[in-house]
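# Architecture and fold: a report
Each chain, letter by letter, is given below.
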Amino acid sequence: MPLDILLPFWGDPEFLFATVDSVLAQDSDDWLLTVVDDAYPDDSVAARFRDIDDPRITYHRNEVNLGITDNYRRCLELATQDVLVFLGCDDLLLPNYVDTVLEAHAAHPEAAIIQPGVQVIDEHGVVARTLVDSVKQRVVMPRSTERQLLEGERLAANLLHGNWMYWPSIAFRRDRLATVEFLEDLPFIQDLALVMDLI
């Protein structure tokens, strides 16, 4: 079962293609990438995708700019697999990302959300250590050397204490995600709003 990697795009094309390169560099070939260009005003993006010869990669361009929330909805409409991720168009996947997510799903198919470990990087791709991320990862996030299945009120309270999730790395079960709505008035905290509704 491939991982659906949905990539809503609006931004710097060079960051976008670095993101695509990180997908192509996965240890696993068990993925599908769907790029949804939200009418970004640069024709070179579509031209570069025409030059990519990989049947796992699909490029769509919206006729008009939908905005971030509706472009997420459009991505979800295009999803075909059981597990999906909304990858940021300026984020990079570690080479074992697909393997990690699919192994976690196989171990806990009941989980609606999979949050793998992350490395925070700066605009140059260098691992960054910020105070905020240190607090999230060392103080607030539940810690374990093994996978954990978290749920219910305890998880909700923990996330409201400090949102330790990293949206571009979160994978969702498509059937569960389809039961909640992207909220119109919360485009910049869409991740926490969706997860709280799922919990």
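Attention here is on the structure that accompanies the text. (Residues numbered from 1 in each chain as written. Predicted model: local features only at pLDDT ≥ 70, side-chain atom pairs only at ≥ 80, totals over all residues. Heavy atoms only, no water.)

We now examine the pairing of strand 1 (residues 3-9). Summarising burial for strand 1: seven of the seven residues are buried, a large majority. Side-chain alternation along strand 1 places Leu3, Ile5, Leu7 and Phe9 on one buried face and Asp4, Leu6 and Pro8 on a second face that is also buried. Tracing the backbone out of strand 1, into helix 1 (residues 13-24) and back to the parallel element strand 2 (residues 31-37) gives a crossover that is right-handed. As defined by bridge partners, strand 1 adjoins strand 4 (residues 83-86) across three bridges and the pair is classed as parallel. Each residue of the ladder has a partner; that of Ile5, found in strand 4, is Val85. (Buried < 20%, exposed > 50% of the residue type's maximum accessible area, 1.4 Å probe, protein only. Helix = DSSP H or I, 4+ residues; strand = E, 2+ residues; numbered from the N terminus. Right-handed = clockwise from strand over helix to strand, strands pointing away. Pairing = 2+ DSSP bridges.)

Here we come to the sheet that holds strand 3 (residues 57-61). Reading across from one edge, 3-2-1-4-6-5 is the order of the six strands in this open sheet, with mixed pairing throughout. Two strands close off the open sheet at either side, each with one partner strand: strand 3 and strand 5 (113-114). Together, strand 1, strand 2 and strand 3 form the strand contacts of helix 1, whose direction differs from that of strand 1 by roughly 175°. Where helix 3 (residues 68-78) meets the sheet, it contacts strand 1, strand 2, strand 3 and strand 4, and its direction lies at approximately 150° from that of strand 1. (Contact = heavy atoms within 4.5 Å. Axes fitted to C-alpha atoms, helices over the stretch in contact; angles between N-to-C directions.)

A separate point is a nonpolar patch on the surface. The grouping of Leu92, Ile121 and Val127 at the surface amounts to a nonpolar patch, some 220 Å² of accessible area in total. Relative to the helices and strands, Ile121 is located in the loop between strand 5 and helix 5 (131-140). (Patch = residues over 30% accessible without salt bridge, like charges linked within 9 Å, V, L, I, M, F, W, Y side chains within 5 Å. Areas by Shrake-Rupley, 256 points an atom, 1.4 Å probe, with all protein chains shown as cover. Salt bridge = Lys/Arg side-chain N within 4 Å of Asp/Glu carboxyl O.)

Quick reminder: α-helices carry 3.6 residues per turn. Residues three or four places apart thus point the same way. Within helix 5, the full set of buried residues consists of Asp133, Lys136 and Val140. Buried residues of helix 5, seen end-on, are gathered within an arc of 110° and therefore sit on one face of the element. Opposite its buried face, helix 5 presents the exposed residues Leu131, Arg138 and Val139, each directed more than 90 degrees away. (Arc of directions from axis to C-beta.)

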